[in-house]
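# Architecture and fold: a report
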Amino acid sequence: QKEVEQDPGPLSVPEGAIVSLNCTYSNSAFQYFMWYRQYSRKGPELLMYTYSSGNKEDGRFTAQVDKSSKYISLFIRDSQPSDSATYLCAMSGVYKLSFGAGTTVTVRA
Amino acid sequence: NAGVTQTPKFQVLKTGQSMTLQCAQDMNHNSMYWYRQDPGMGLRLIYYSASEGTTDKGEVPNGYNVSRLNKREFSLRLESAAPSQTSVYFCASSEQASEVYNEQFFGPGTRLTVL
């Protein structure tokens, strides 16, 4: 069993829709939870991070963490074609990050 | 401020050939990492260097070697390439390999094909 599970999709939504992404994990020691965005043929870049359980909002993006269920989510409101990318969840363990497989999202104009 | 740079961007090798992937960062970070990314597998850690002078194995180290040349540079070597090493390789760096928050900055990647 992988340490971090993420549905690879792909996910295709119309412009303006809400995009919902999620990951589950098995290691209860994780404390920091991150979402990276990766455009085609580029390196990943940090989008948001959350410490422990709770919500964090940044513009159109909201990250949620439920440590009791070992489940994290990312919501994108009013999605735009420029949001089309692969979104990877990542969790900060001892000296390294553990990544999900990434979900590819396409926002149709 | 270029961030993390990688060379080459693309490479095609024949089975059994060797090559070195180069990585450099200009953010004065202590820690550096090498990942490979394969479809459906996400990013898997090959090796990391928590600080200058130290290197440690990650999740998938077999078939690879690394050298932390100095604080800025971290290279990845394939001694005898195999088709299973066809992948996209990313180098990353962070201020330190902390037990908690560890934002990593990634390079643009090297696309390697082994025939």
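Residues numbered from 1 in each chain as written. Chains lettered and ligands numbered in written order. Predicted model: local features only at pLDDT ≥ 70, side-chain atom pairs only at ≥ 80, totals over all residues. Heavy atoms only, no water.

### Digging into the nonpolar core
As a reminder, the rule being used: In this text, buried Ala, Val, Leu, Ile, Met, Phe, Trp, Tyr and Cys residues form a nonpolar core when linked through side-chain atoms within 4.5 Å. Each residue gets one of three labels from its accessible area relative to the maximum for its type: buried under 20%, exposed over 50%, partly exposed in between, using a 1.4 Å probe on protein chains only. The helix and strand labels rest on DSSP assignments: H or I over at least four residues marks a helix, E over at least two residues marks a strand, and numbering proceeds from the N terminus.
Counting residues in each nonpolar core, the largest one holds 24 residues, and the members touching the most others are Trp-35, Ile-72, Leu-74, Tyr-87 and Met-91 of chain A. Elements with a contribution of two residues or more to this core: β3 (19-25), β4 (32-38), β5 (45-51), β7 (61-66), β8 (71-76), β9 (85-92) and β11 (103-108) of chain A. By size, the runner-up hydrophobic cluster in this structure holds 20 residues, among which are Tyr-64, Phe-74, Leu-78 and Tyr-89 of chain B.

### Some points on the side chain of Arg-37 of chain A
Tracing the sequence through the fold places Arg-37 of chain A in strand β4. The exposure class assigned to Arg-37 of chain A is buried, which follows from its relative accessible area of 17%.

### Details of the environment of Tyr-64 of chain B
Residues and elements named next belong to chain B. Convention followed: Any two residues whose heavy atoms approach within 4.5 Å at even a single point are treated as in contact.
With respect to the secondary-structure elements, Tyr-64 resides in strand β7 (residues 64-68). Along the sequence, Tyr-64 and Glu-79 sit 15 residues apart, while their C-alpha atoms lie 6.9 Å from each other. With residues near it in sequence (within four places) discarded, Tyr-64 still touches Arg-36, Ile-46, Tyr-47, Leu-76, Arg-77, Leu-78, Gln-85 and Tyr-89.

### Here's the deal with the pattern of salt bridges
Operational definition: Salt bridge criterion: a side-chain nitrogen from Lys or Arg within 4 Å of a carboxyl oxygen from Asp or Glu.
Summed over the entire model, instances satisfying the criterion amount to six salt bridges over all chains. Between Arg-77 of chain A and Glu-57 of chain A there is a salt bridge, with the nearest N and O atoms lying 3.5 Å from each other. A residue pair is termed long-range when its members are at least 10 positions apart, and Arg-77 of chain A in the loop between β8 and β9 and Glu-57 of chain A in strand β6 (residues 54-58) qualify at 20 residues. Two residues, Glu-79 of chain B and Arg-77 of chain B, come together in a salt bridge whose shortest N-O distance is 3.2 Å. Among the residues examined, Glu-79 of chain B registers a relative accessible area of 43% and is labelled partly exposed.

### Remarks on the interface of chain A and chain B
For clarity, the cut-off: What gets called buried area is simply the loss in accessible area from a 1.4 Å probe that two parts show on being joined, summed for both. By the criterion applied in these results, polar contacts are pairs of N or O atoms within 3.5 Å in which, for protein atoms, one can donate a hydrogen and the other can accept it, and in which residues neighboring in sequence qualify only through two side-chain atoms. Lys, Arg, Asp and Glu make up the charged group, whereas Ala, Val, Leu, Ile, Met, Phe, Trp, Tyr, Cys and Pro make up the nonpolar group; the residues left over, Gly among them, are polar.
Across the contact, 22 residues belong to chain A and 23 residues belong to chain B. Regarding the contact of chain A and chain B, the summed buried area is about 1,900 Å², with carbon and sulfur atoms giving 58% of it. Inspection of the region where chain A meets chain B yields zero salt bridges. At the boundary of chain A and chain B, one finds three residue pairs in polar contact (both at pLDDT 80 or more). Mapped onto the side of chain A that touches chain B, the elements with two or more residues apiece are β4, β5, β9 and β10 (97-99) of chain A. Of the residues contributing to the side of chain A that touches chain B, the split by class is 12 nonpolar, six polar and four charged.

### Structural notes on the sheet that holds strand β3 (residues 19-25) of chain B
Residue and element names in this part refer to chain B. We apply this condition: Here the rule is simple: two strands pair whenever DSSP picks up at least two bridges between them. Interaxial angle, 0 to 180 degrees, is taken between N-to-C directions of lines fitted to C-alpha atoms, where a helix line uses only the stretch in contact.
Pairing in this open sheet of four strands is antiparallel, and the strands run β1-β3-β8-β7 from one edge to the other. Every interior strand has two partners, whereas the edge strands, β1 (4-7) and β7, have only one. Strand-to-strand, the axes of this sheet are offset by a mean angle of 20°, without reference to chain direction. One ladder, built from four bridges, connects β1 with β3; its direction is antiparallel. Paired with Thr-7 across the strands is Gln-22, a residue of β3.

### Thoughts on the pairing of β3 of chain A
Residues and elements named next belong to chain A. Only one face of β3 is buried, namely the one carrying Val-19, Leu-21, Cys-23 and Tyr-25, since none of Ser-20, Asn-22 and Thr-24 on the opposite face is buried. As paired strands, strand β1 (residues 4-6) and β3 are joined by three bridges and run antiparallel to one another. By the bridge assignment for β3, Val-4 is matched with Tyr-25. With six bridges joining them, β3 and β8 adopt antiparallel strand pairing. For Leu-21, the partnering residue across the bridge sits in β8 and is Leu-74.

### Remarks on the packing of aromatic side chains
Rule in force here: In this scheme Phe, Tyr and Trp rings, the latter by its six-membered ring, pair at centre separations within 6.5 Å, and the angle between planes marks the pair as stacked below 30 degrees, edge-to-face above 60, and tilted otherwise.
Inspection of the entire model under this criterion finds 13 aromatic pairs over all chains. Both rings, one in Tyr-36 of chain A and one in Phe-106 of chain B, keep their centres 5.6 Å apart while their planes meet at 85°; by these two values the pair is edge-to-face. Residue Tyr-36 of chain A is located in strand β4, and its partner Phe-106 of chain B is located in strand β10 (residues 105-106); the two belong to separate chains. Of the residues examined, Tyr-36 of chain A reaches a relative accessible area of 0% and is grouped as buried. According to the relative accessible area criterion, Phe-106 of chain B is buried, its value standing at 12%. Relative to Phe-106 of chain B, the ring of Tyr-35 of chain B lies with its centre 5.6 Å away and its plane at 40°, an arrangement referred to as tilted. Note that Tyr-35 of chain B is positioned in strand β4 (residues 31-38) and Phe-106 of chain B in strand β10, a separation of 71 residues in sequence. Take Tyr-35 of chain B and Phe-106 of chain B: they sit in the same class, and that class is buried.

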